[in-house]
Each structure stands twice: as structure tokens, then as C-alpha cells.
Amino acid sequence: MFSKMILKRAFKKWNMGDYCVVFWDGDKITNGLNPPKFTIKINRPLKFSDAKKDMSLAIAEAYMNGVIDIEGSMDEIARVLYLHSNYENLHKHDNAKPMQSSAKEKSNISSHYDLGNDFYSIWLDETWSYSCAYFKTPQDSLYQAQIQKIDHTLKKLDLKKGEKLLDIGCGWGWLSIRAAQTYGVDVLGITISEEQYKAATQRVKDANLEDKITIKLLNYQDLDGALYQFDKVVSVGMFEHVGKLNIPLYFKKVKEVLKPGGMFLLHSIMCCFEGETNAWIDKYIFPGGYLPSLREVISIMSESDFHLLIAESLRIHYAKTLDIWHKNFNDNLDKISKRYDQRFVRMWRLYLDSCASAFRVGSVDLFQLLLTNSVNNDLPLTKEYIYK
């Protein structure tokens, strides 16, 4: 027979959730800081044959045999069993540390994004959106498609007036501005590019939205859950710069500042398979960057208790976006050549043209992943709200 002392010791390790255990002699123990959501009644001392390595098997068989009775929320029982049986997986990245210093990341970003706002303004659209656009028709202008991408992204988050939104890698600030103007949310946009910070800050000022939007020079590595808590998080075109070894840290940091149940929209280029970064891209275009596979991202996000709602591929949209960028670049060679030498010009033309081809042949993809921090059962039942 298992003594009550041994059983109490076992339940002490089963320390997640709010529940009560009542023993055959009326003695009871409670767990959690809130009123119990379920009660397990043990009707007699347990035999050694009642013991099972798997807790869910032990409880189910004991219930079948009349050894225990269960009262209260089955949802809560399932949740507690899930948390305990997957404890190691769900806490695998709790101690994730930066594998690349914040200073090194800033240096890598600066080498690409701090080439000068004048440079990007020549061949990007008016929003200066340096990420995949969203074309509803082949005839859409780049500006129209970029606005559609921003709106499509924000709609997925189901934003409500007064909510707090974090924009990780806010670029030149157009998404943050659009979110505040359209939905009345309070936005913190963060970037580690000096040029983007200056331009985004000025844009917020010009839009008279300084009471709704704050732009900060801040690395995601330095996000602190004690200082920040958000209802929603969005990250467009920044995840590619995190690096393979920092992916667990990235999800850990997002989780730290996102409220339980809160939605997170991750917009990123991904590959079909894990592998090394293209050597030329790494050396000349995006030093320190890494394109993970979808499989890799899903695995790590699940280990951080993020749950996937939508995975949408915008691959062909990015090919079309890059085609337009490449054309804009070529149409403005006279302006660009006044600022940069021929080697730089040829490098960028190759970069834009070859990347468009990579998306067309499918060697890279662009995904928007809509996730929740742990489960949220109060979301809209369908995704119709995105397309209204």
C-alpha cells in the first residue's frame, strides 16, 4: 500500500494549477493560490498496482476502477496534466542566453540599414516599407500593395482600441503609425538602426501621434517583462537577423513581454530546409543573418508554449515586390551612381534580382505566422474578421 505521506509527497511535485485532493479519511491538501478548480477524491489507499509512470494513465485507470472520483473542471485537469507531462519541453528555453552580443547585432544591422535614408527613398515606395508587399491584383502599385500588406498584417492581430502593441524591428515606422491611426492602439516601435530611428521618430511627430507611439533604439534582447507588457506583438522582416542560435532567446523575450493569450504576428523569410546562410549574402548583404526553416521555427516556438493559429505563405508576393524594387533601382541608376561606386551598384542589382528568382523557384519562402502566447479560447471562431 502507498501511505498517505508518500501520496502527499507525490502531489507536492504536481505543483501547477489550483486543485484539491481529499483522502479516504477526510484529510485534504490544496495546491495553488486560488480556489480549487477541481477536486480529486481518493476513496481508498492505493496499491502498488495502481501506480503508473504516466500520470494521466494512473488517474484515468484509478477513475475507471472507482479508486478515485473527480469533481470540477475537466479543462483544468487536462491543462494541469499537459503542463506537468510537458514541463521539460515547455521550459526548454527558459535560460536561453544571447549567443551574439547586442553590439554585434547593432553593427550587422547598421551595415545594411544605415546606408542612408536617402538611398532607400530612391527605390522603395512612399512608406519606405522594406519587406514583402501584398498584391490583391497584379496591377496594384507598390505603394498600394505595401499599405495592403500593413493592413492585412494588422487585421490578423484583431486589434482593439486602447490595447498596447509592440512592433519589433519597426523600420521607418509606417506600420506603427497605421496601427495607431486605424485602431487607436498605443504602440512601442523598437529598432537598432540609427537611421530608421531618426526617420520613424520624425514621422510620428509629423503625424501628431507622439501621445500614441513611442519609437526607441532598443534591441529585442533587452526587452524586460518587468517594464513592458503588451496585448499584441508584431515583427515584420526582422526575424531574419536574429541568427540561428538566438531563435530560442527571441521567443523567450517575446513571451516575457506578451500577456498570456496575447497574439503575436511573425512575418519572416524562411527556407525549406535547415542549412548554412548563403555565403555571399552573409558577407555582403546581411552579415549575421540566418533563414530558419518553417519546421525549425514551429519546433522552437512550441517549446516556448506558443500556439499556431495561421501560417500563410506570401512567397510569390515577395518575388513581385523584389521585381519592382529591382526595376526602381535600375530606373534610378543615375541618382544611385552619384552616391556609390559601380561595385556597390552591381552588388545591389544582383541582390535584388537574384532574391526575386529565389522566391519564384521556391528555395526561400515568406511566412506570416499568427501565434498566441499559450492557449486562448476566446478568439473569434473563424478568421473571417481578417477579410471584412
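Relevant structure appears above.
Residues numbered from 1 in each chain as written. Predicted model: local features only at pLDDT ≥ 70, side-chain atom pairs only at ≥ 80, totals over all residues. Heavy atoms only, no water.

## Some thoughts on the overall build of the protein
- For the protein, the count of helices and strands is 15 helices and eleven strands.
- The principal-axis extents of the C-alpha atoms in the protein amount to approximately 90 × 45 × 40 Å.
- The burial tally for the protein puts 51% of its 388 residues in the buried class.
- As displayed, the protein offers around 19200 Å² of accessible surface, 53% of which is attributable to carbon and sulfur atoms.
- Positive and negative side-chain charges of the protein, numbering 50 and 48 respectively, have mean locations separated by a distance of 1 Å. (Helix = DSSP H or I, 4+ residues; strand = E, 2+ residues; numbered from the N terminus. Buried < 20%, exposed > 50% of the residue type's maximum accessible area, 1.4 Å probe, protein only. Areas by Shrake-Rupley, 256 points an atom, 1.4 Å probe, with all protein chains shown as cover. Lys, Arg positive; Asp, Glu negative; His and termini not counted. Charge placed at Lys NZ, Arg CZ, Asp CG, Glu CD.)

## So, the packing of helix 7 (residues 142-156) against helix 8 (residues 174-183)
- Here helix 7 crosses helix 8 at 60 degrees, and the two axes come no closer than 10 Å. As far as their axial angle goes, helix 8 and helix 7 are oblique. Helix 7 and helix 8 meet at a crossing whose hand is right-handed. Contacts between helix 7 and helix 8 involve Tyr143, Ile147, Ile150, Asp151, Thr153, Leu154 and Lys155 from the former and Trp174, Leu175, Arg178, Ala179 and Tyr183 from the latter.
- Per-class residue counts for the contact of helix 7 with helix 8 are eight nonpolar, one polar and three charged. (Axes fitted to C-alpha atoms, helices over the stretch in contact; angles between N-to-C directions. Parallel < 35°, antiparallel > 145°, perpendicular 65-115°, else oblique. Left-handed = near helix turned anticlockwise from the far one by under 90°. Contact = heavy atoms within 4.5 Å. Nonpolar A, V, L, I, M, F, W, Y, C, P; charged D, E, K, R; others polar.)

## Considerations on the packing of aromatic side chains
- Evaluation of the coordinates by the stated rule reveals 34 aromatic pairs.
- Between the aromatic rings of tyrosine 120 and tryptophan 123, the centroid separation amounts to 5.7 Å while the plane-to-plane angle is 45 degrees, which identifies the pairing as tilted. In this pair, tyrosine 120 and tryptophan 123 are both assigned in helix 6 (residues 117-123), three residues apart and thus about one turn of the helix distant.
- With a centroid separation of 5.2 Å and an interplanar angle of 50 degrees, the aromatic rings of tyrosine 120 and tryptophan 172 are classed as tilted. Placement of tyrosine 120 in helix 6 and of tryptophan 172 in the loop between strand 5 (164-168) and helix 8 is noted, with a sequence separation of 52 residues between them.
- Above the face of the phenylalanine 306 ring, lysine 255 is positioned so that its terminal group lies 5.5 Å from the ring centre.
- Above the ring of phenylalanine 135, the side-chain terminus of lysine 320 is found at 5.2 Å from the ring centroid. (Phe/Tyr/Trp six-rings, centres within 6.5 Å; stacked < 30°, edge-to-face > 60°. Lys NZ or Arg CZ within 6 Å of the ring centre and 35° of its normal.)

## Quick look at the sheet that holds strand 7 (residues 213-217)
- Taking strand neighbours across the sheet as the criterion, the seven strands line up as 7-6-5-8-9-11-10 in an open arrangement whose pairing is mixed. Two strands bound the open sheet, and with one partner strand each, they are strand 7 and strand 10 (306-313). Each strand of the sheet is rotated relative to its neighbour by a mean of 15 degrees, with strand direction disregarded.
- Inspection of the sheet shows strand 5 paired to strand 6 (residues 186-191) by five bridges, in the parallel sense. Pairing of lysine 164 across the sheet is with aspartate 186, part of strand 6.
- Helix 10 (residues 247-257) contacts strand 5, strand 8 (230-236), strand 9 (258-271), strand 10 and strand 11 (364-373) of the sheet and is inclined by roughly 150 degrees relative to strand 9. (Pairing = 2+ DSSP bridges.)

## Focus: the sheet that holds strand 3 (residues 38-42)
- Overall, mixed pairing links the four strands, which are arranged 2-1-3-4 in an open sheet. In this open sheet, the two strands that pair with only one neighbour each are strand 2 (28-31) and strand 4 (68-72). The mean inter-strand angle of the sheet, taken between neighbouring strand axes irrespective of direction, is 15 degrees.
- Bridge count between strand 1 (residues 19-22) and strand 2: four bridges; the pairing is antiparallel. Following the sheet pairing, cysteine 20 is matched in strand 2 by threonine 30.
- Sheet strands in contact with helix 1 (residues 4-13) are strand 1, strand 2 and strand 3, and its direction is about 160 degrees off that of strand 3.

## Some details on the nonpolar core
- Counting 40 residues, the largest nonpolar core has Phe119, Trp123, Tyr130, Trp325, Trp348 and Tyr351 as its most contacted members.
- Per-element tally for this core: the top contributor is helix 15 (residues 342-361), with ten residues.
- Among the nonpolar cores identified, the runner-up in size contains 32 residues, and Tyr220, Ile247, Phe367 and Leu371 belong to it. (Core = buried A, V, L, I, M, F, W, Y, C linked by side-chain atoms within 4.5 Å.)

## A few points about the packing of helix 10 against helix 12 (residues 294-303)
- At a minimum axis distance of 10 Å, the contact between helix 10 and helix 12 shows a crossing angle of 45 degrees. As summarised for this structure, helix 10 and helix 12 are arranged oblique, according to the angle between their axes. The chirality of how helix 10 crosses helix 12 is right-handed. Seen from helix 10, the contacting residues are Ile247, Pro248 and Phe251; seen from helix 12, they are Val297, Ile300 and Met301.

## Focus on the pattern of salt bridges
- Across all of its chains, the model carries 15 salt bridges by this definition.
- We note a salt bridge from arginine 360 to aspartate 323, for which the minimum N-O separation is 2.7 Å. In this pair, arginine 360 sits in helix 15 while aspartate 323 sits in helix 13 (residues 315-331), placing the two residues 37 residues apart along the sequence.
- For aspartate 323, a relative accessible area of 31% translates into the label partly exposed. (Salt bridge = Lys/Arg side-chain N within 4 Å of Asp/Glu carboxyl O.)

## Quick word on unusual backbone geometry
- Its identity as a non-glycine residue notwithstanding, tryptophan 128 has a phi of 60 degrees, on the positive side.
- Here tryptophan 128 is to be found in the loop between helix 6 and helix 7.
- Located in the positive-phi region is serine 374, a residue other than glycine, with phi close to 65 degrees.
- Mapped onto the secondary structure, serine 374 falls in the segment after strand 11.
- Owing to a relative accessible area of 18%, serine 374 belongs among the buried residues under this scheme.

## Describing the pairing of strand 11
- The element strand 11 is largely enclosed, with a buried count of ten among its ten residues.
- The two faces of strand 11 match: Val364, Leu366, Gln368, Leu370 and Thr372 on one face and Asp365, Phe367, Leu369, Leu371 and Asn373 on the other face are all buried.
- Judged from the nine bridges that link them, strand 9 and strand 11 form a sheet pairing that is antiparallel. Across the sheet, the residue bridging to serine 268 is phenylalanine 367, located in strand 11.
- The pairing of strand 10 with strand 11 spans seven bridges and is classified as antiparallel.

Remember, this is a structural readout, not a statement about activity or role.
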